[in-house]
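The chain contents come next:
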Amino acid sequence: MKKYFSLVLFAHSVFALPFALIGFFLGVTTTENPFNWLKLVLVLLCMVFARNSAMAFNRYLDRNIDAKNPRTKMRDIPAGKVSAKEALLFVIINCILFILTTAFINNLCLYLSPVALFVVLFYSYTKRFTALCHLVLGLGLSLAPIGAYIAVTGVFNLVPVLYSFAVLFWVSGFDIIYALQDEDFDRDEKLHSIPAALGIKNALNLSIGLHVLSALCVILPVCFTTFSWVYYVGVAFFCFMLINQHLLVKPNDISKVNKAFATTNGMASVIFAICFLLDAFLRTNYNF
């Protein structure tokens, strides 16, 4: 299990998982649908299985590319820690478990599960033909809040969709920053990315624009739902973290990309989710 956790970088679940919890408890506290521990566990399992599938498939598909890149040549498959067949089997098992788990939630989740899997798996192909691969990655992670909301309610709603757009723009923006490390490699290998297509300066400017849109999407829910001051603290912190990563990474200095990518964004999602949950429970006096 340890080597598979390494393969899928389980710690990176901190990006989308908090927003899945936001979607879940938004459904619980703003509708008549009751809290259900089993359903929460099923949603968390879906998150794990979907992310395992996506990450392992990316490592499987990119194994030859990773072997050429000095930054990634020590990843599990190129380094021989996990074989390509083991990784592919891991993907298949997690895809099956994901679909089976959605069947225990509700019919809409089950019907949409192949669509969700297609999106998260398709991302791995996109760098081969489009610089918009970062947006596809963002789209995959953006399914977390709306998917969790549907798991609770069985319907779509505007507010969780806004949180999905927040994730879409946020992830796309920070993935562009992360891809700065491979600008030259991508260009040499004829791989597509925003930094390779636009250069570092323009890529960072686009990332800033996407993060502005993400900030707007966590602010807009206040127009449709009542929040307390705790939520506004979470919004302020999230926006501060967005600004902070752009202060860390500059066109002439990308040495702090990893800090901006992992630490800053991880803190942004976790603290924002905590503030959202505290706000929801304080306002509704919800009892489990």
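Right, let's walk through the structure included here. Predicted model, so just to flag it, every value in this text is computed and none were measured.

1. Here's the deal with the overall build of the protein chain
Scanning the protein chain from N- to C-terminus turns up 13 helices and zero strands. Along its sequence from the N terminus, the protein chain presents helices and strands in the succession α-α-α-α-α-α-α-α-α-α-α-α-α. Its C-alpha atoms give the protein chain a radius of gyration of 19 Å, within 12% of the compact-globule value 19 Å for 288 residues. Buried positions account for 53% of the 288 residues belonging to the protein chain. For the protein chain, the proportion of contacts with a sequence separation of at least 24, taken over those separated by at least 6, is 74%. Mean positive and mean negative side-chain charge positions of the protein chain (21 and 14 charges, respectively) differ by 3 Å.

2. Side note on the packing of helix α3 (residues 37-61) against helix α6 (residues 107-126)
Packed helix pairs are specified by the crossing angle of their axes together with the interaxial distance, meaning the distance between the axes. Interhelical geometry of α3 versus α6 gives an angle of 20° and a closest axis separation of 8 Å. Regarding the angle of α3 to α6, the classification is roughly parallel. Considering how the two elements wind past one another, α3 and α6 form a crossing that is right-handed. Here A50, S53, A54, F57, N58 and L61 of α3 come into contact with α6, specifically with V120, L121, Y123, S124 and Y125. Split by residue class, the contact of α3 with α6 holds eight nonpolar, three polar and no charged.

3. Details of the pattern of salt bridges
Where charged atoms of side chains with opposite charge meet at close range, the side chains can pair. Under the criterion given, the structure shown has seven salt bridges. Here D182 makes a salt bridge to R71, at a shortest N to O gap of 2.5 Å. Of this pair, D182 sits in the loop between α8 (158-179) and α9 (183-188) while R71 sits in the loop between α4 (63-68) and α5 (84-103), and the two are 111 residues apart along the sequence. Under the relative-accessibility criterion, D182 is labelled buried at 11%.

4. Comments concerning the packing of α8 against helix α12 (residues 229-248)
Where α8 contacts α12, the axes come no closer than 11 Å and their chain directions differ by 20°. Classified by the angle between their axes, α8 and α12 sit roughly parallel to one another. Here α8 runs over α12; the crossing is left-handed. Contact with α8, carried on its side by Y163, W170, F174 and I177, involves Y231, F238, L242, Q245 and H246 of α12 and no other residues of that element. Looking at side-chain class alone, the contact of α8 with α12 contains seven nonpolar, two polar and no charged residues.

5. Here's the deal with the nonpolar core
Formed by 85 residues in total, the largest nonpolar core has its most connected members in F24, Y163, W170 and F272. Discounting chain neighbours no more than four positions away, the residues touching Y163 are F19, I22, L26, P145, P221, F227, Y231, F272 and F276.

Reading the values: the criteria
- Residues numbered from 1 in each chain as written.
- Predicted model: local features only at pLDDT ≥ 70, side-chain atom pairs only at ≥ 80, totals over all residues.
- Heavy atoms only, no water.
- Helix = DSSP H or I, 4+ residues; strand = E, 2+ residues; numbered from the N terminus.
- Rg over C-alpha atoms; globule rule 2.2 N^0.38 Å.
- Buried < 20%, exposed > 50% of the residue type's maximum accessible area, 1.4 Å probe, protein only.
- Contact = heavy atoms within 4.5 Å.
- Lys, Arg positive; Asp, Glu negative; His and termini not counted.
- Charge placed at Lys NZ, Arg CZ, Asp CG, Glu CD.
- Axes fitted to C-alpha atoms, helices over the stretch in contact; angles between N-to-C directions.
- Parallel < 35°, antiparallel > 145°, perpendicular 65-115°, else oblique.
- Left-handed = near helix turned anticlockwise from the far one by under 90°.
- Nonpolar A, V, L, I, M, F, W, Y, C, P; charged D, E, K, R; others polar.
- Salt bridge = Lys/Arg side-chain N within 4 Å of Asp/Glu carboxyl O.
- Core = buried A, V, L, I, M, F, W, Y, C linked by side-chain atoms within 4.5 Å.

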